[in-house]
Amino acid sequence: MGFGTWAWGNQLLWGYQEIMDSELQECFNLALKNGINLFDTADSYGTGKLNGQSERLLGKFIRKCQGLDYWIAYAQNEKINK
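Calculation criteria
- Residues numbered from 1 in each chain as written.
- Predicted model: local features only at pLDDT ≥ 70, side-chain atom pairs only at ≥ 80, totals over all residues.
- Heavy atoms only, no water.
- Helix = DSSP H or I, 4+ residues; strand = E, 2+ residues; numbered from the N terminus.
- Contact = heavy atoms within 4.5 Å.
- Areas by Shrake-Rupley, 256 points an atom, 1.4 Å probe, with all protein chains shown as cover.
- Phe/Tyr/Trp six-rings, centres within 6.5 Å; stacked < 30°, edge-to-face > 60°.
- Buried < 20%, exposed > 50% of the residue type's maximum accessible area, 1.4 Å probe, protein only.

In this section: the overall build of the protein chain. Within the protein chain, the secondary structure is distributed over three helices and three strands. When the helices and strands of the protein chain are placed in sequence order, the string is β-α-α-β-α-β. Contacts in the protein chain between residues far apart in sequence, at least 24 positions, make up 68% of those at least 6 positions apart. Working note: accessible area of the protein chain is about 5800 Å², and carbon and sulfur atoms make up 54% of it.

As a further point, take the packing of aromatic side chains. Enumeration according to the criterion identifies six aromatic pairs in this entry. Considering the side-chain rings of F3 and F39, the 5.6 Å spacing of their centres and the 55 degrees angle between planes classify their relative orientation as tilted. Of this pair, F3 sits in strand β1 (residues 2-4) while F39 sits in strand β2 (residues 38-42), placing them 36 residues apart in sequence. F39 matches F3 in its accessibility class, with the two residues each being buried. Taken together, a centroid distance of 5.4 Å and an interplanar angle of 70 degrees make the contact between W8 and F61 edge-to-face. With a gap of 53 residues between them, W8 in the loop between β1 and α1 (11-14) and F61 in helix α3 (residues 53-63) connect regions that are remote in the sequence. Of the two residues examined, W8 and F61, each falls in the buried class. Taken together, the ring pairs in this structure connect F3, W8, F28, F39 and F61 into an aromatic cluster.

Below, the structure written as structure tokens:
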């Protein structure tokens, strides 16, 4: 089972505010506690100046959980020039 982070940073559809970050940390911790270790994120998760906010928060939360096994599913929204 996976945990989607689309709402993290999405003010338009989910009403995200930075004051919610501690609650999101609690949700992340609860997911880990219950055996969820697959997290879905993308650079477009977040709106406007918060684009990529889900990635930033996920990175912040994961850094606090050293030694745990986890997987990250990621979608790139921008074209990559080679």
